[in-house]
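Summary of structural features
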Amino acid sequence: MHPMLNIAVKAARRAGSIINRAVLEGGALEVRAKNLNDFVTQVDQAAERAIIGVIHAAYPEHSILAEESGDTPGARPEYQWVIDPLDGTTNFIHGFPQYCVSIALEHKGVPAQAVVYDPGKNELFTASRGRGAFLDDRRMRVSKCIHLKDALVGTGFPFKELSRLDLYLGQLKTMMGSCAGVRRAGAAALDLAYVAAGRLDAFWEMGLSRWDMSAGALLIQEAGGMVADLQGGGGYLDRGEIATATPKVMPQLLEALR
């Protein structure tokens, strides 16, 4: 394992232990609304502090971009860790077991290392650029699906950008008539990991943040899948929208979304 990926795994597991302990103890959650339909708990914050602590102990000069604490510049800004300590917070609050820790290391703006960790199921998805993607110690590949009509497609509602809801509903209507099924589980980073693992054949969502996508996108690319923005371009991390699928399904997905 690449040494930087090893640090990401250590950090993700440390955060996962905090999340799991909170579930087992069953104490009251301190829930605060950051924005419309966007929540944070003391568990998100504790998990993020743990992740940053592990990373800064190993790489104190690297920059950090984290969901709760924002942008922390470092002496070597070409390395930036992109962190979502608990993707799927609303699920977590309600006891719906679909949430994860997402950590990516970007080098000059390009994801180079990726970890998505599901602490509830103890599933660890990892990737290093050019070295493949893995679920625990097993190599991951995207599914062999070649037709959108046969695809199980994941999605996420644009709950932070309700101004785009009409556009999304049009896409959803088209997709429901074009594929085998649509699923919305509520944790984008984990959905992307599922595309990499072949559990979903495609996925699309808008209104996302960089920390929702960076790790999952690298997982998919290293597992042989394709990733783009909704126009088919490469600016998905900056545009906050993503479309991803198996190589054969990707053109059909983009056409349906148009």
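Please refer to the structure placed before this passage.
Note that this is a predicted model, so its numbers are computed, not measured. (Residues numbered from 1 in each chain as written. Predicted model: local features only at pLDDT ≥ 70, side-chain atom pairs only at ≥ 80, totals over all residues. Heavy atoms only, no water.)

Summing up its helical and strand segments, the protein has eight helices and 15 strands in all. Relative to the globule expectation of 18 Å for 258 residues, the C-alpha radius of gyration of the protein, 17 Å, shows essentially globular dimensions. Over its C-alpha atoms, taken along the principal directions, the protein stretches across nearly 50 × 40 × 30 Å. Counting all 258 residues of the protein, 55% fall into the buried class. Of all intrachain contacts in the protein linking residues separated by at least 6 positions in sequence, the fraction that spans at least 24 positions is 62%. When the 27 positive and 29 negative side-chain charges of the protein are each reduced to one mean point, those points stand 5 Å apart. (Helix = DSSP H or I, 4+ residues; strand = E, 2+ residues; numbered from the N terminus. Rg over C-alpha atoms; globule rule 2.2 N^0.38 Å. Buried < 20%, exposed > 50% of the residue type's maximum accessible area, 1.4 Å probe, protein only. Contact = heavy atoms within 4.5 Å. Lys, Arg positive; Asp, Glu negative; His and termini not counted. Charge placed at Lys NZ, Arg CZ, Asp CG, Glu CD.)

Before going further, it helps to examine the nonpolar core. Ranked by size, the top nonpolar core spans 36 residues in total, and within it V116, F125, M140, L190, L219 and I242 carry the most contacts. At the level of secondary structure, the elements contributing two or more residues to this core comprise β6 (100–107), β7 (110–118), β8 (123–128), β9 (132–135), α5 (188–196), α6 (210–222) and α7 (236–239). Element by element, the count of residues in this core is highest for α5, at eight residues. For I242, the contacting residues outside a window of four places in its chain are L192, F203, W204, E205, L208, M213, V227, A228, L230 and Y236. Counting 32 residues, the second-largest nonpolar core is a separate cluster that includes M4, A12, Y117 and L124. (Core = buried A, V, L, I, M, F, W, Y, C linked by side-chain atoms within 4.5 Å.)

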